[in-house]
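Spelled out, the chains give:
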Amino acid sequence: MNLELLRAQAQTCTACRLAEGRTQVVFGEGRPDARLMFVGEGPGEEEDKQGRPFVGKAGQLLDRILEAAGIPRETVYITNIVKCRPPGNRTPLPDEAKACTSRWLVKEIEMVSPQVIVPLGAVAAEFFLGEKVSITKVRGNWYDWHGIKVFPMFHPAYLLRNPSRAPGSPKHLTWLDIQEVKRALEALPPKEGKAVRPVSQDPLF
Ligand code: URA
């Protein structure tokens, strides 16, 4: 089993109601052995059209954040909690998130085996922290998920709605956060094989 096979399998998924409204499945993309993985909430209109994650306005801002920090997009892996666009861009429902993460995201993480995962926004942070969270409280802090370092950040769509760059603003905090991610990656030893034990064999999944 590899990522390309997993991606191919996901294209025909009908495990939840989001399959009904999608144009296409938006699987993750990036380096199959990336050290850094970003996890968003779910595809928006542009992603649904193009079949690629984070290519709309929020994705373009994510690109600028990565570029400012000197992290080339091609070196990371970018994916979402749900792979199909929720109608009207609503938040994915808990059963949709569960159906999708247990089939696809957990396996993507096992295969890529990143050293650092950055959940973008509360929906993604909730998956890794295992409880409802306020992104304002959890962003900029380190957590552990099955031995992988997790560092939640604000969702770029939230930054588009809050454009101030004043000290303490979401954009300013995000700039500090991405630099912390870069520092952490530089301090970690190079990847050697898989950092994760098979998570899907955990009784929780
Ligand atoms: N927002 C997300 O959470 N994911 C995308 O892929 C695009 C926008």
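Higher on the page you've got the structure.
Along every chain, residues carry numbers that run from 1 in the direction the sequence is written. Selection of residues for local features in this predicted model requires a pLDDT of at least 70, selection of side-chain atom pairs for listing and counting requires 80 or more, and totals for whole chains, interfaces and linings are taken over all residues. Remark: hydrogens and water are excluded; side-chain values derive from all non-hydrogen atoms of the structure.

Chemist: Got a minute to help me understand the overall build of the protein in this structure?
Modeler: Each helix is a run of DSSP H or I of at least 4 residues and each strand a run of E of at least 2, with the numbering of both proceeding from the N terminus. Within the protein, the regular secondary structure consists of nine helices and six strands. Against the compact-globule benchmark of 17 Å for 205 residues, the protein has a radius of gyration of 16 Å, which places it among compact chains. Expressed along its principal axes, the backbone C-alpha trace of the protein runs to roughly 45 × 40 × 30 Å. Scored against the burial criterion, the 205 residues of the protein give a buried share of 49%. Between two residues, a contact is recorded if the distance between any of their heavy atoms is within 4.5 Å. Here the analysis covers contacts within the protein between residues at least 6 apart in sequence; of these, 72% occur between residues at least 24 apart. In short, Shrake-Rupley with a 1.4 Å probe defines the accessible areas, and a residue's cover is counted only from the protein chains shown. Accessible area for the protein stands at about 10,100 Å²; split by element, carbon and sulfur atoms hold 52% of it. Across the protein, the 28 positively charged side chains and the 24 negatively charged ones have centroids separated by 2 Å. Restricting the calculation to C-alpha atoms gives the radius of gyration, and the globule rule supplies 2.2 Å times the number of residues raised to the power 0.38. Exposed residues in this analysis have more than 50% of their type's maximum accessible area, buried residues have under 20%, and partly exposed residues fall in between, with area computed by a 1.4 Å probe over protein chains only. When charges are counted, neither His nor the chain ends are considered; positive counts come from Lys and Arg and negative counts from Asp and Glu. For charged residues, the charge sits on one atom: NZ in Lys, CZ in Arg, CG in Asp, CD in Glu.

Chemist: I'm lost on helix α4 (residues 57–69) in this one. Help?
Modeler: Residues separated by three or four positions in an α-helix point in the same direction, a consequence of the helix having 3.6 residues per turn. Here the expected length of a helix is defined as 1.5 Å per residue gap, with one fewer gap than residues. Relative to the 18 Å expected for 13 residues at 1.5 Å per residue, α4 spans 19 Å between its end C-alpha atoms, a close match to the ideal helical length. Within the span of α4, buried status applies to A58, G59, L61, L62, I65, L66 and A69. All buried residues of α4 fall inside an arc of 160° around its axis, so they share one side. For α4, the exposed residues set more than 90 degrees away from the buried face come down to K57, E67 and A68. Against β2 (36–40), β3 (77–80), α8 (156–161) and α9 (170–187) lie the buried residues of α4. Directly after α4, the chain includes G70, whose backbone phi takes a positive value near 75°. By arc we mean the arc of the directions from the helix axis to the C-beta atoms, nothing more.

Chemist: Which parts of the structure should I look at to understand the site of the ligand?
Modeler: To be near a molecule or strand, a residue needs just one of its heavy atoms within 4 Å of it. The full set of residues close to the ligand is G40, E41, G42, E47, P53, F54, N80 and H155. Throughout this description, a polar contact denotes any pair of N or O atoms lying within 3.5 Å of each other; where both atoms belong to protein, one of them has to be capable of donating a hydrogen while the other can accept it, and for residues adjacent in sequence the pair is counted only when both atoms sit in side chains. Here an oxygen atom of the ligand and a backbone polar atom of F54 are 2.9 Å apart. Calculation on the ligand without its partners gives an accessible area of 240 Å², and the protein chains cover 92% of this total. For this scheme, ten residues count as nonpolar: Ala, Val, Leu, Ile, Met, Phe, Trp, Tyr, Cys and Pro. Four count as charged, namely Asp, Glu, Lys and Arg, and the remainder, Gly too, count as polar. Here the residues of the shell around the ligand are counted per class, giving two nonpolar, four polar and two charged.

Chemist: Would you take a moment to explain the side chain of E29 for this structure?
Modeler: Along the chain, the position of E29 falls in strand β1 (residues 29–30). What makes E29 buried here is its relative accessible area of 18%. A distance of 3.1 Å separates polar atoms of two side chains, one belonging to E29 and the other to R73. Setting aside its immediate chain neighbours within four residues, E29 contacts R7, R52, P53, R73, V76, Y77 and I78.

Purely geometric numbers; function is a separate question.
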